[in-house]
Amino acid sequence: MVEAGAVWSAQDTTPGEIDGALRGLLKEQYEKDAACAPARVLNLVVIVDREWRGEILNRLERVGRYHPSRTVLCAVEPGRTTIDATVALTTEGEDRAGDLKLTRERCVVDIGPKHLRNLDTIVDPLVVSDIATLVWSPHGHPEAVDSLLHLAQVVLVDLVEEPDPAAAVRRALELGASAYVVDLAWLRSTPWRERVAASFDPPRWREELGRIDSVTVRHRPDSGAAGVLFCSWLAARLGWRPGSLMRANGTLHGSASGRRQHVDLRLVPDQSQAVPGLAGVEIGSASGMRLSLDRGPGGLSARRVDARGRESSWTVLGASRGEAGILGEGIRQALLRDPVYRDVLDEAALMLGA
Amino acid sequence: MATVTQEQVNPLVEGLERLPVHPTTLVIFGGTGDLAHRKLLPAIYNLAHEGALPERFDLIAVSRADIPHDNYRSMARESITKYSRRKPDPQVLEKLLDRVRYVPGTFDDDSVFDRLGDQLKDFDDEAGIAFNRIFYLSTAPKFFPLIIRKLGDHGLERRKDAEVRVVIEKPFGTSLAEAQQLNREVLSVLDEKQVFRIDHYLGKETVQNMLAFRFANGMFEPIWSRNFIDYVQITSAEDLGIGRRAGYYDSAGALRDLVQNHMLQLLSLLCMEPPVTFTADEVRDEKVKVLHAVKAPTPEDVAEITVRGQYTAGMAEGADVPGYLQEEGVPPDSRTETYVALRLKVDNWRWAGVPFYLRTGKRLARKVTEIAVTLKPVPHLAFKAAGSVGVQPNQLIMTMQPNEGVSLSLGAKIPGTRMRIRPVNMEFLYGTAFLSQSPEAYERLILDAMRGDATLFTRNDEVEAQWRICDPILQGWAHQDGALPTYPAGSQGPEDANRILVPDDHWRAI
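Computed from a prediction, not measured in an experiment: that's the story for all the values here. The residue numbering used here restarts from 1 in each chain and proceeds along that chain's sequence as written. All chains are assigned letters beginning with A, and all ligands numbers beginning with 1, in the order in which they are written. With the structure being a predicted model, the display of local features is reserved for residues of pLDDT at least 70 and the display and counting of side-chain atom pairs for 80 or more, all residues being used for whole-chain, interface and lining totals. Water and hydrogen atoms were dropped before computing side-chain values, which therefore reflect all heavy atoms in the structure.

Draft legend 1. Up close: the packing of helix α5 (residues 165–176) of chain A against helix α11 (residues 341–352) of chain A. All names here are of chain A. Running from amino to carboxyl end, α5 crosses α11 at an angle of 145°, the nearest separation of the two axes being 10 Å. Between α5 and α11 the crossing geometry is left-handed. Between α5 and α11, the contacting residues are Pro 165, Ala 166, Val 169, Ala 172, Leu 173 and Gly 176 on the first element and Tyr 341, Arg 342, Leu 345, Asp 346, Ala 348, Ala 349 and Leu 352 on the second. Residue type decides the class: Asp, Glu, Lys and Arg count as charged, Ala, Val, Leu, Ile, Met, Phe, Trp, Tyr, Cys and Pro as nonpolar, and the leftover types, Gly among them, as polar. The residue makeup of the contact of α5 with α11, split by class, is ten nonpolar, one polar and two charged. Interaxial angles span 0 to 180 degrees and are taken between N-to-C directions of axes, which are lines fitted to C-alpha atoms, for helices over the stretch in contact. Runs of E in the DSSP output that reach at least two residues are strands. Runs of H or I that reach at least four are helices, and both are numbered from the N terminus. For a crossing to be left-handed, the near helix must be turned anticlockwise from the far one by less than a right angle; the clockwise case is right-handed. By definition in these notes, contact holds between two residues if any of their heavy atoms fall within 4.5 Å.

Below is the structure:
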């Protein structure tokens, strides 16, 4: 059970006052109910345009099980020169003797464009020290992210949100030099990667990995970067040397060199795909095997044709996580480390000439 | 960069949190039973929801009720909707139920196993591959040997090109002789590596965290021995009574219900040496060594190192509650213990001389499962100033429920001009330090069985070693006359429990 707790707000305030209000609210709450204990896992600092503040807050509310312990949301309003702030506590837990109630804090800070370049001076007093800090800036503002890099261990990005995939990959590589990068576009592809890995896991099918000669990825028209990441993953894991992708008739084409074969790569926009990310994947091998995975009800619809033309189809069960769930997964991943993503970005940079 | 070679590991799994699991058919014997409906089916649904089931998965339920597939699917849908920890996604649920079949019949009926074999073969033929098979025995224990024998008779116990595993629910016997007999019967058909004896307690995240706590932190291991530890208490207290479980509980009692399995598992995890690797057999080898080091009590020891009791009427959460003998279904002359406390010794180099107190009971003051490790007092008390609440030995408390965490009591100076000391707590709560709650134990254990990872399951020698400790106690009690000590519901347990404490040791308040 989640309950709204105490709230404090002020206009034309300072980071020191906001920090004081946070401490005061936590103390008051503990005095009222000793079962309340503050969560201390992760700070999330979000930089948003003021007009989209509500939408981002709603999205953060719906992330499922993975909530940051303290959220500092900086809403940028054109023309603003002063700082307004609201601090709110929420508690989660049952009102039962002996049970713990978990407290989380949320600070919404309205700032102006002039604050962005030195945003660290506002945010630094507001984050809990000695726990990880994750920065997410879904509406751009790279100068604000840069100013926070010395405070943050992790930066959340979404490569499909950037109109130019090559620029997005360059920026992710740049951020990766000073922080760990969690990419929502990469996380959306996790079920696809898991299923492809599982399909080739039985020894009989694993042999086919060395014979793959074609990969076709269908994606939402604005999610080309997701398709590039998927192909880059195969290249990174299977030791292919990718060449540059070329655009023709809205489709990206290219090839990669494997040890014994060339691999034809095709990224095809799919107008019927409503949500960001991939719509389908088809992998073919020189022996005639074809494996396809497509979005379907209740999971991914899988179809395999073996070298003799025998066909088999099934559903790989799994619920869609939705965009809020993907964001929750991004928050969770901030505390983990993916050993593969950096190699995948390097391959993507080669494919995109980034 | 990885390159593909023959004999390679699958290069695509690097970095994935969920490793591939071979296509599997899970068969639940006792598919209409309470455990299947409340725990197993919801756990399977949650694994499906998260995309954690094998790429291809089928489920067969076997039970006595003569109902068609569709009726069973309806029952399963209802149970999952009612007991799942998350609201089911209708599309995932329907796709899962599409892969569910039901085989009706009694377990002594050969035709049941013929039909089961046919159904398993149909699934394999449809997919064109040999599925792994897991037979989950969620039945009354008396059926375990029968079902396993029938699996053998019908050639379902092993297969070429795929694995066959059998998950056996607790209790695994009610005495050492029964457990040994059951092991003999099971292992006359199956290899030990095919057998997964479940103790759902081991699937709990906080129990597994004991291994992380001990072996991932350099600060505790140097003091983890008789040189620094004075005594240890393991408590598993329930505030509830037996509810409607009189049929089972009155024939089991607290010792069989919790000590023989869960509490001895906690003891072995607490005392084991670091395994060379965290593989199933390495971990279990070390646990078995601990159990072998626990001296089995002699008949004379039983009176000295054990206390049992039965709750009488009292109050729980402000309400009047009946005593054990007044509970529905309990015989009025029952001598079944609802409370037990033991003092055990682990006779090895590390633990010689350290008393280990185990206690469990129903209708105690509150629900708590914890391990309290009391360190030896400091050798010289420099702070004997008047006004100190007391320089007390440090205590390390590992709590499994209700608030999972670890706390350490330390002596600290009371603010003021004088050097007065009182104990304060340094607390770590899992709930505040991780983003999410633990998954249900059954989800983890079912997935482990499908992966073939037996680390969290009990091996044959482990079960027998546990019974070797508990059997003499049961025999000793059988020869004791006189009234059973009692304790009021909602209390700390029988007064008599203090009798087994070594002088200067104290029970922690429940």
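Draft legend 2. The arrangement of empty space enclosed by the protein in detail. Residues are said to line a cavity or pocket when one of their atoms sits within 4 Å of a point; the points come from a 1 Å grid over protein atoms alone, cavities being sets where a 1.4 Å probe fits but cannot get out and pockets being open sets with protein on both sides within 12 Å along at least five of seven lines. Grid points are joined across faces, edges and corners, and a volume is the space filled by probe spheres set on the points. One pass over the structure, following the stated rule, counts six cavities of 30 Å³ or more. Volume-wise, the largest cavity comes out at about 120 Å³. Forming the walls of the largest cavity are 13 residues, and the residues nearest its centre are B:Lys170, B:Phe172, B:Ile198, B:Asn261 and B:Thr458. For the lining of the largest cavity, the elements supplying multiple residues, two or more each, are α8 (246–271) and α13 (460–478) of chain B. Of the residues contributing to the lining of the largest cavity, the split by class is five nonpolar, four polar and four charged. Within this model, the second largest cavity holds a volume of roughly 100 Å³. A:Glu194, A:Arg195, A:Ala198, B:Arg18, B:Leu19, B:Pro20, B:Val21, B:Gly51, B:Ala52, B:Leu53, B:Pro54 and B:Glu55 are the residues that line the second largest cavity. Tallied by class, residues from the lining of the second largest cavity come to seven nonpolar, one polar and four charged.

Draft legend 3. Local environment of the side chain of B:Arg308. Residues and elements named next belong to chain B. When you line up the elements, Arg 308 lands in strand β8 (residues 306–312). One buried charge, Arg 308, has no salt-bridge partner; the nearest side chain with opposite charge is Glu 337, at 5.1 Å. In the analysis that follows, any N or O atom pair within 3.5 Å is treated as a polar contact, provided that within protein one partner can donate a hydrogen and the other can accept it, and provided that, for residues neighboring in sequence, both atoms belong to side chains. Polar contacts involving the side chain of Arg 308 include one to the main-chain carbonyl oxygen of Trp 477, which spans 3.4 Å. In this structure the side chain of Arg 308 is engaged in a polar contact, spanning 3.3 Å, whose partner is the side chain of Gln 480. The buried label goes to any residue with under 20% of its type's maximum accessible area, the exposed label to any with over 50%, and the partly exposed label to all in between, with areas taken from a 1.4 Å probe on protein chains only. The charged-residue count follows a simple rule in which Lys and Arg add positive charge and Asp and Glu add negative charge, with His and chain termini not counted at all. The term salt bridge refers to a pairing of a side-chain nitrogen on Lys or Arg with a carboxyl oxygen on Asp or Glu at a separation within 4 Å.

Draft legend 4. Molecular detail of the sheet that holds strand β15 (residues 405–413) of chain B. All names here are of chain B. Here a strand pair is declared whenever DSSP counts at least two bridges between the two strands. In space, the nine strands of this open sheet follow the order β16-β15-β14-β13-β7-β12-β11-β8-β17, with mixed pairing throughout. Each edge of the open sheet carries a strand with a single partner, namely β16 (421–429) and β17 (486–488). Ignoring strand direction, the axes of neighbouring strands in this sheet form an average angle of 20°. As paired elements, β15 and β16 share nine bridges and run antiparallel to each other. Counterpart to Gly 405 in the pairing with β16 is Leu 429.

Draft legend 5. Focus on the packing of aromatic side chains. Aromatic rings from Phe, Tyr and Trp, with only the six-membered ring used for Trp, were paired whenever their centres fell within 6.5 Å, and each pair was classed as stacked if the ring planes differed by under 30 degrees, edge-to-face if by over 60, and tilted otherwise. With the rule as written, the count across this model stands at 18 aromatic pairs over all chains. Ring geometry for B:Phe196 versus B:Phe457: centroids 5.0 Å apart, planes at 80°, classification edge-to-face. Note that B:Phe196 is positioned in strand β6 (residues 195–197) and B:Phe457 in the loop between α12 (441–451) and α13, a separation of 261 residues in sequence. Taken as a pair, B:Phe196 and B:Phe457 share a single burial class, namely buried. In our convention, an over-ring charge means Lys NZ or Arg CZ found within 6 Å of a ring centre and within 35 degrees of that ring's normal. It is A:Arg304 that lies over the ring of A:Trp205; its NZ or CZ is 3.8 Å from the centre. Over the aromatic face of A:Tyr66 sits the side chain of A:Arg332, whose NZ or CZ is 5.7 Å from the ring centroid.

Draft legend 6. Quick peek at the layout of surface pockets. Within this model, the second largest pocket holds a volume of roughly 980 Å³. As for the second largest pocket, its lining consists of 39 residues, and the residues nearest its centre are B:Ile397, B:Ser407, B:Asn425, B:Glu427 and B:Arg508. Of all the elements in the fold, those that place two or more residues in the lining of the second largest pocket are α1 (15–32) and β2 (36–38) of chain A together with β7 (229–237), β13 (368–375), β14 (395–401), β15 and β16 of chain B. Within the lining of the second largest pocket, the residues separate by chemical class into 18 nonpolar, 14 polar and seven charged.

Draft legend 7. Main features of the interface of chain A and chain B. Listed as interface residues are 55 residues of chain A and, on the opposing side, 44 residues of chain B. By buried area we mean how much accessible surface two parts lose on assembly, using a 1.4 Å probe and totalling the loss over both. Both faces considered, chain A and chain B share a buried interface measuring about 4,100 Å² in area, 57% of it formed by carbon and sulfur atoms. Of all residues in chain A, the largest losses of buried area upon contact with chain B belong to A:Arg65, A:Arg237 and A:Leu317, amounting jointly to 17% of the total for that side. B:Arg18 serves as the salt-bridge partner of A:Glu194, at 3.4 Å between the closest nitrogen and oxygen. Taken together, the connections running from chain A to chain B amount to eleven residue pairs in polar contact (both at pLDDT 80 or more). For the side of chain A that touches chain B, the element with the highest residue contribution is helix α7 (residues 190–199) of chain A, accounting for seven residues. For the side of chain A that touches chain B, the residue count by class is 28 nonpolar, eleven polar and 16 charged.

Draft legend 8. Representation of the state of the cysteines. When the sulfur atoms of two cysteines come within 2.5 Å, that pair is taken as a disulfide. For the coordinates displayed, the defined rule picks out zero disulfides over all chains. There is no disulfide at B:Cys271, and the cysteine sulfur nearest it, in B:Cys470, is 15 Å away.

Draft legend 9. Structural detail: the pairing of strand β5 (residues 164–168) of chain B. Residues and elements named next belong to chain B. Judged by how many residues are buried, β5 sits mostly within the fold: five of five residues are covered. Both faces of β5 are covered, namely the face carrying Val 164, Val 166 and Ile 168 and the face carrying Arg 165 and Val 167. Examined bridge by bridge, strand β4 (residues 132–137) and β5 share five bridges and lie parallel to one another. Along β5, the bridge assignment pairs Ile 134 with Arg 165. With helix α5 (residues 144–153) bridging β4 and the parallel β5, this β-α-β connection has right-handed handedness. Two strands pair when backbone bridges link them, and β5 and β6 are joined in this way by three bridges, in the parallel orientation. The residue of β6 that forms the bridge with Val 167 is Phe 196. Following the chain from β5 across helix α6 (residues 176–187) to the adjacent parallel β6, one finds a crossover that is right-handed. Note on handedness: a crossover is taken as right-handed if, strands pointing away from the viewer, the path from the first strand over the helix to the second is clockwise.

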